[in-house]
Amino acid sequence: MPADLLNSAKELLSQELKLCKMLRTMISRELEAIVLDGDMDELLRVLRSKDDVISQLQLLTDSWQDLLLSMGIVRPQGVEGFGKDILALFPDDQDLPHLLEETRTLAEGIMKAEDEAQAELEKHAAGLRSQITSRAHGRQVAASYAKMGGSSI
């Protein structure tokens, strides 16, 4: 395979690693905003930033598809066997195995962290629903009390 295909593959992997590291950092910040700070404004900012990174990763997937087709690989990037296919094309390259493994490991970590962030957000939302319900019930009780001639506070 031509060296320019190898360089293109390494460049795409490097870009993917960079974006995945950014995404992982954002997920950590998302968890901080939910769990530690309870800062919904920050959470929304982080979520918007995550959307931008995810969009960039989707564009990168398109670039991968183009490169893979030029290499004769019909298996999409990200499916089992993809790394083996790439390594088979460039068996002598020393950097490629490391880049592929680092990308795979980071992607797995992102999925676990995203699941954790989702679970924390669901817990936080349940807590907010409970507070809203409790406040609404308290208002109903106060209104009923006032209608029955109770003093207003």
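Residues numbered from 1 in each chain as written. Predicted model: local features only at pLDDT ≥ 70, side-chain atom pairs only at ≥ 80, totals over all residues. Heavy atoms only, no water.

Enquirer: Looking at this structure, I do not really get the overall build of the chain. What am I missing?
Expert: When its secondary structure is counted, the chain shows four helices and zero strands. Starting at the N terminus and ending at the C terminus, the chain contains elements arranged as α-α-α-α. Across the 153 residues of the chain, 28% fall into the buried class. Contacts spanning at least 24 positions in sequence make up 62% of the contacts within the chain whose residues lie at least 6 apart. (Helix = DSSP H or I, 4+ residues; strand = E, 2+ residues; numbered from the N terminus. Buried < 20%, exposed > 50% of the residue type's maximum accessible area, 1.4 Å probe, protein only. Contact = heavy atoms within 4.5 Å.)

Enquirer: Before we go on, may I ask you to explain the pattern of salt bridges in this structure?
Expert: When their charged atoms lie close together, side chains carrying opposite charge are able to pair. As enumerated under the stated definition, the model contains 11 salt bridges in all. Of the charged contacts, one joins Lys10 and Asp93 as a salt bridge, the two residues approaching to 2.7 Å between their closest N and O atoms. Placement of the pair is Lys10 in helix H1 (residues 3-37) and Asp93 in the loop between helix H3 (82-89) and helix H4 (96-147), with a sequence separation of 83 residues. Here Lys10 and Asp93 have matching classes, each one buried. Of the charged contacts, one joins Glu114 and Lys50 as a salt bridge, the two residues approaching to 2.9 Å between their closest N and O atoms. (Salt bridge = Lys/Arg side-chain N within 4 Å of Asp/Glu carboxyl O.)

Enquirer: Would you mind showing me how to read the environment of Pro2 here?
Expert: Along the chain, Pro2 falls in the segment before H1. Owing to a relative accessible area of 43%, Pro2 belongs among the partly exposed residues under this scheme. Once the C-alpha coordinates of Pro2 and Phe90 are considered, the two residues, 88 residues apart in sequence, prove to be 9.6 Å apart.

Enquirer: Which parts of the structure should I look at to understand helix H2 (residues 40-71)?
Expert: Along an α-helix, a turn takes 3.6 residues, which lines up residues three or four apart on a common side. Here H2 spans 46 Å end to end across 32 residues, near enough to the 46 Å set by a 1.5 Å rise per residue. Of all the positions in H2, only Glu42, Leu43, Val46, Lys50, Val53, Leu57, Leu60, Trp64, Leu67, Leu68 and Met71 are classed as buried. For H2, the N-terminal capping position is held by Asp39, with its side-chain oxygen 3.2 Å away from the main-chain nitrogen of Asp41. (Expected span 1.5 Å × (residues − 1). Polar contact = N/O pair within 3.5 Å; in protein donor to acceptor, adjacent residues only side chain to side chain.)

Enquirer: What is the right way to read the nonpolar core from this model?
Expert: Grouped burial of nonpolar side chains is what soluble globular proteins tend to show. Counting 31 residues, the largest nonpolar core has Leu57, Trp64, Leu67, Met71, Ile86, Phe90 and Leu96 as the members making the most contacts within it. Elements with a minimum of two residues in this core: H1, H2, H3 and H4. The element that contributes the greatest number of residues to this core is H1, accounting for 12 residues. (Core = buried A, V, L, I, M, F, W, Y, C linked by side-chain atoms within 4.5 Å.)

Enquirer: Just to check I follow, could you spell out the packing of H2 against H3 for this structure?
Expert: As a packed pair, H2 and H3 sit with axes 12 Å apart at the nearest point and diverge in direction by 50°. Between H2 and H3, the angle falls in the class oblique. Crossing geometry of H2 relative to H3 is assigned as left-handed. Contacts between H2 and H3 involve Trp64, Leu68 and Met71 from the first element and Phe82, Ile86 and Leu89 from the second. In terms of residue class, the contact of H2 with H3 is built from six nonpolar, no polar and no charged. (Axes fitted to C-alpha atoms, helices over the stretch in contact; angles between N-to-C directions. Parallel < 35°, antiparallel > 145°, perpendicular 65-115°, else oblique. Left-handed = near helix turned anticlockwise from the far one by under 90°. Nonpolar A, V, L, I, M, F, W, Y, C, P; charged D, E, K, R; others polar.)

Enquirer: Teacher, can you tell me more about the side chain of Lys50 here?
Expert: Relative to the helices and strands, Lys50 resides in helix H2. At 2.9 Å, the side chain of Lys50 and the side chain of Glu114 are in polar contact. Once residues lying within four places of it in the same chain are set aside, the contact partners of Lys50 are Leu23, Met26, Ile27, Glu30 and Glu114.

Enquirer: Hey, could you run me through the environment of Met26 in this one?
Expert: With respect to the helices and strands, the residue Met26 is situated in helix H1. Residue Met26 is classed as buried on the basis of its relative accessible area, which comes to 17%. The spatial distance from the C-alpha of Met26 to the C-alpha of Leu43 is 9.7 Å, given a sequence separation of 17 residues. Once you skip the residues sitting within four places of it in the chain, Met26 turns out to touch Val46, Ser49, Lys50 and Val53.

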